[in-house]
Amino acid sequence: MPLLQPNPPPEEGEIQKLRQQLQELTAKALHNEQTFKRCHDREVLLLSAEGLPQLLDRLTRGMQISFRTPYVSLVLSDPEHELRHLLSNTGNGPEQFKDVKFTDRIMEFSPLYTRLNSPQLGRYVKKKHRLFFSGDPKIRSIALLPMIRRDQLVGVLHLGSNNASRFTSDHGGHFLHRLATIGAFCLENTANTEHLILSGLTDVLTGLHNRRYLDLSLIH
């Protein structure tokens, strides 16, 4: 009975190919680990935001810091101008948030929103994406993060990078999806809290500020 012949050793080219694949897998795992940590840290800060102005700041400027990306913008659905009204009553008008855009009809803001039910990461295309950022940014890759609450698109967060390989379809989309979902929850919860605060400072029938509002104004 003939002896089994041992498999020939892999050729040098095949070894190099395996090494390259291993390096790519390692780099991807490291990138996803870093993305997870950034998302987790940002989630904690979003959940601990005190008031609508702080939440919007943490969704924009805070994202720039966490993800070390120079371009961040946020589009929010505000058909009844509820969010803009609540902001004005905090003493922080919507105009103070230059990276936040409020729209009456979010599905009409961009054709890309029509089927946006999960994060989209990829190459920046000026013709499609320039609406999301002011000026003429030198963006190479972009992440679109839908904020969905009760099966409704309530906002979209946009992250832009000068690095073409920063946001790709292979990099941590599920972590970003979770982050955007928590952002949507925080937005609803914070708006409800602002409503409660506002209702305690105004007369139910007239909508005018009451005695408690006057007392607090004198204290401050």
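Residues numbered from 1 in each chain as written. Predicted model: local features only at pLDDT ≥ 70, side-chain atom pairs only at ≥ 80, totals over all residues. Heavy atoms only, no water.

*Asks:* Hey, could you run me through the sheet that holds strand β2 (residues 100-103) in this one?
*Replies:* Strand pairing within a sheet occurs via backbone hydrogen bonds; the two strands may be parallel or antiparallel. A sheet is described by the order of its strands in space; here five strands give the open sequence β2-β1-β5-β4-β3, paired in mixed fashion. Whereas interior strands pair on both sides, the edge strands pair on one side only; in this sheet they are β2 and β3 (120-123). Between one strand and the next, the sheet's axes are offset by a mean angle of 15°, whatever the strand orientation. Summarising the sheet, strand β4 (residues 141-149) and strand β5 (residues 152-161) pair through nine bridges and their orientation is antiparallel. Bridged to Arg-149 within β5 is Gln-152. In the packing of helix α2 (residues 52-59) onto the sheet, contacts are made with β1 (71-77), β2, β4 and β5, and the angle to β1 comes to roughly 135°. (Pairing = 2+ DSSP bridges. Helix = DSSP H or I, 4+ residues; strand = E, 2+ residues; numbered from the N terminus. Axes fitted to C-alpha atoms, helices over the stretch in contact; angles between N-to-C directions. Contact = heavy atoms within 4.5 Å.)

*Asks:* Teacher, can you tell me more about the side chain of His-129 here?
*Replies:* With respect to the element layout, His-129 can be found in helix α5 (residues 126-129). Excluding residues that lie within four positions of it along the chain, His-129 makes contacts with Leu-112, Arg-123, Tyr-124 and Ile-142.

Read these as layout, nothing more, since geometry by itself doesn't imply function.
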